[in-house]
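# Notes for the structure review
As a plain string of letters, each chain reads:
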Amino acid sequence: MDLTDNLTPVVTIGLNRNSNSFDYSMTELNNLVEANNMKVVESLVQKLDKPDPATYFGKGKIEELTQVVIDDGVNTIVANDELSPSQIRNIEKNTKARIIDRTGLILEIFANRAQSREAKLQVELAKLKYQLPRLHTSASQRLDQQTGTSSGGGFTNRGAGESQYELNRRTLEKRITHVNAELKESSKADLTKRKQRDRSETPTVALVGYTNAGKSTVMNGMINLYGENEDKQVMVKNMLFATLDTSVRKLTLPDQKRFLLSDTVGFVSQLPHQLVQAFKSTLAEAASADLLIQVVDYSDPHRELMMKTTEETLAEIGITNVPMIVALNKADKLEVQYPNREGDNLIMSANDEDSLKELTTMIKEKIFKDYQTLSLLIPFDKGDVVSYLNDNTNILKTDYRDDGTVIKAELKDVDAKRFAKYVLTTD
Ligand SMILES: Nc1nc2c(ncn2[C@@H]2O[C@H](COP(=O)(O)OP(=O)(O)OP(=O)(O)O)[C@@H](O)[C@H]2O)c(=O)[nH]1
Ligand SMILES: [Mg+2]
């Protein structure tokens, strides 16, 4: 074992219930382990129809696991499924190692990554809800409000009195009430922000999809092309759950059409339901969007599964009726031509300007379809109208006549109504 790094060594365990996606789910578990600053030194799998209710693995396999833990000198085991409190207790008793299940692992990653106050509160709430039913396995654990660390921050412990359990339960419940109240406050503020934006009638587009698909890379590419100078780039990393908070940027196309683009948290299979609840408010941007762009890692052999997970998670959050473009990203890693559009799908690469421009064309078709091309005659004393049109619409042609300026432009419905009295002809 390499002791030069600070990564906590772990053994991963998984049950193969004859599912096609089992190997992939183990690979993904390893990636999640890495994303939590730990490293896998060994993986143990067993073929079983269903987990042993007491110990997850069967008896013989548990003995093997115990031996592996001793031989590898590790004190953390990570399970590929969510475990029951008694399974956790029993495996820990046998192996003398701490066990983290898949749900606990994802929660730890989120807890370590959350940046904004709202994300921190949401993750804390998800963690509290996860801890509550598991309390009797952790009765003697002193509860503090730490948001979890990669080691030692487990949810387990042994041998404790009833009163400590009661105390812990009450502490958790109180904290849940408190966090809920704080979240309510901050989501009210968000709603106000969104309402203001709605009033400005700028269409909104949200990037959604599986973690590591390239959403943030697409976001940065679009900011480069159409963002304002001082717009900051978002973080891109080859790591699961690089993005946890939603970022929104205003983009202005060369024809003056504007829209808001938001980058959102990525999904993963078996996302803990406590977190799906937490996502509801983080993804409110997506729910209220006029258009979704589902970014898919087209070069990944498991892309179908990833798309299915994304669509199921969106449905679970209640995002079902928003029009969608599918961006089949990372085409540069395959021997295919790109950009290549088929209906609402685009084979593309986020690192390729032509791809981003084609994506923009598709976005425009979806969100600016209510525009109309009009010719307006603006009297010379209405300079403010001319400058409004210059700043806010795509001017196709300007002519000067004795009685004013003739401007041919693409106007939003609201603007068309507002300036109806100047209209010369409809093209
Ligand atoms: N070759 C190639 N790599 C890409 C492309 N798009 C993104 N990547 C890489 O894929 C990795 C993940 O990209 P991100 O943009 O962070 O992915 P994300 O969807 O935002 O991921 P999360 O925030 O974790 O949900 C990074 O290493 C990117 O450089 C692409 O079109 N081609
Ligand atoms: Mg991202």
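Residues numbered from 1 in each chain as written. Chains lettered and ligands numbered in written order. Predicted model: local features only at pLDDT ≥ 70, side-chain atom pairs only at ≥ 80, totals over all residues. Heavy atoms only, no water.

In the annotation of an unreviewed UniProt entry, the entry for the protein reads GTPase HflX, and the organism field reads Lentilactobacillus diolivorans DSM 14421. Under the UniProt heading Sequence similarities (unreviewed entry), the note attached to the protein is "Belongs to the TRAFAC class OBG-HflX-like GTPase superfamily. HflX GTPase family." In the Subcellular location (unreviewed entry) part of its UniProt record, the protein is described as follows: "Cytoplasm". (UniProt positions renumbered as here; feature names shortened; annotations may be inferred.)

The protein atoms that coordinate the magnesium ion (ligand 2) are S216 (OG) and T243 (OG1), at distances of 2.0 to 2.1 Å. Taken as a pair, S216 in helix α7 (residues 215-226) and T243 in the loop between α7 and β6 (247-252) lie far apart in primary sequence, 27 residues in all. Like S216, the residue T243 is buried in the burial classification. (Donors = N, O, S within 2.8 Å, 3.2 Å for Na, K, Ca; no water. Helix = DSSP H or I, 4+ residues; strand = E, 2+ residues; numbered from the N terminus. Buried < 20%, exposed > 50% of the residue type's maximum accessible area, 1.4 Å probe, protein only.)

Attention shifts here to the site of ligand 1. Every one of the 23 residues lining ligand 1 counts as a neighbour, but K215, T217, A242, T243 and D332 are closest to it. K237 is positioned with one of its backbone polar atoms (N or O) 3.2 Å from an oxygen atom of ligand 1. Within the backbone of M239, a nitrogen or oxygen atom sits 3.4 Å from an oxygen atom of ligand 1. When the free accessible area of ligand 1 is taken as 660 Å², the share hidden by the protein chains comes to 88%. Per-element tally for the shell around ligand 1: the top contributor is α7, with three residues. For the shell around ligand 1, the per-class residue count stands at seven nonpolar, 11 polar and five charged. (Near = heavy atom within 4 Å. Polar contact = N/O pair within 3.5 Å; in protein donor to acceptor, adjacent residues only side chain to side chain. Areas by Shrake-Rupley, 256 points an atom, 1.4 Å probe, with all protein chains shown as cover. Nonpolar A, V, L, I, M, F, W, Y, C, P; charged D, E, K, R; others polar.)

Here helix α4 (residues 102-113) spans 17 Å end to end across 12 residues, near enough to the 16 Å set by a 1.5 Å rise per residue. Where burial is concerned, most of α4 is hidden: 11 out of the 12 residues are buried. Buried within α4 are the following residues: R102, T103, G104, L105, I106, L107, E108, I109, F110, A111 and R113. (Expected span 1.5 Å × (residues − 1).)

Ranked by size, the top nonpolar core spans 45 residues in total, and within it L105, F110, F241, F279 and L292 carry the most contacts. Those elements that place two or more of their residues in this core are α1 (22-35), α4, α5 (117-131), β5 (204-209), α8 (273-282) and α10 (303-317). Among the elements that take part in this core, α1 stands out by supplying seven residues, more than any other. Other than its neighbours up to four places away in sequence, L292 contacts A206, V208, A286, L314, I319, V322, P323, M324 and I325. Counting residues in hydrophobic clusters, the runner-up holds 28 residues, among them V205, L207, L253 and I293. (Core = buried A, V, L, I, M, F, W, Y, C linked by side-chain atoms within 4.5 Å. Contact = heavy atoms within 4.5 Å.)

Another point: the pattern of salt bridges. A complete count under the given rule lists 22 salt bridges for this structure. A salt bridge links R117 to E182; the nearest nitrogen and oxygen atoms lie 2.7 Å apart. Of this pair, R117 sits in helix α5 while E182 is found in helix α6 (residues 162-200), placing the two residues 65 residues apart along the sequence. The partner of E312 in a salt bridge is K308, and the shortest N-O contact between them spans 3.5 Å. Taken as a pair, E312 and K308 lie in helix α10 at a separation of four residues, close to a single helical turn. (Salt bridge = Lys/Arg side-chain N within 4 Å of Asp/Glu carboxyl O.)

A word on the packing of α4 against α5. One can describe the packing of α4 onto α5 by two numbers: an axis separation of 9 Å at closest approach and a directional angle of 155°. With respect to each other, α4 and α5 are oriented roughly antiparallel. In terms of crossing hand, the pair formed by α4 and α5 is left-handed. In this structure, α4 uses T103, G104, L107, F110 and A111 to contact α5, whose residues at the interface are V123, A126, K127 and Y130. When its residues are assigned to classes, the contact of α4 with α5 shows six nonpolar, two polar and one charged. (Axes fitted to C-alpha atoms, helices over the stretch in contact; angles between N-to-C directions. Parallel < 35°, antiparallel > 145°, perpendicular 65-115°, else oblique. Left-handed = near helix turned anticlockwise from the far one by under 90°.)

If you trace the four strands from one edge of the open sheet to the other, you get β2-β1-β3-β4, paired in parallel fashion. The outermost strands of the open sheet, each flanked by one partner alone, are β2 (38-47) and β4 (98-100). On average, adjacent strands in this sheet sit at an angle of 25° to one another, irrespective of strand direction. Of the pairings in the sheet, the one linking strand β1 (residues 8-16) to β2 comprises nine bridges and is parallel in character. Bridge pairing in β2 places T8 opposite M38. Where α1 meets the sheet, it contacts β1, β2 and β3 (76-79), and its direction lies at approximately 160° from that of β1. Together, β1, β2 and β3 form the strand contacts of helix α2 (residues 59-72), whose direction differs from that of β2 by roughly 160°. (Pairing = 2+ DSSP bridges.)

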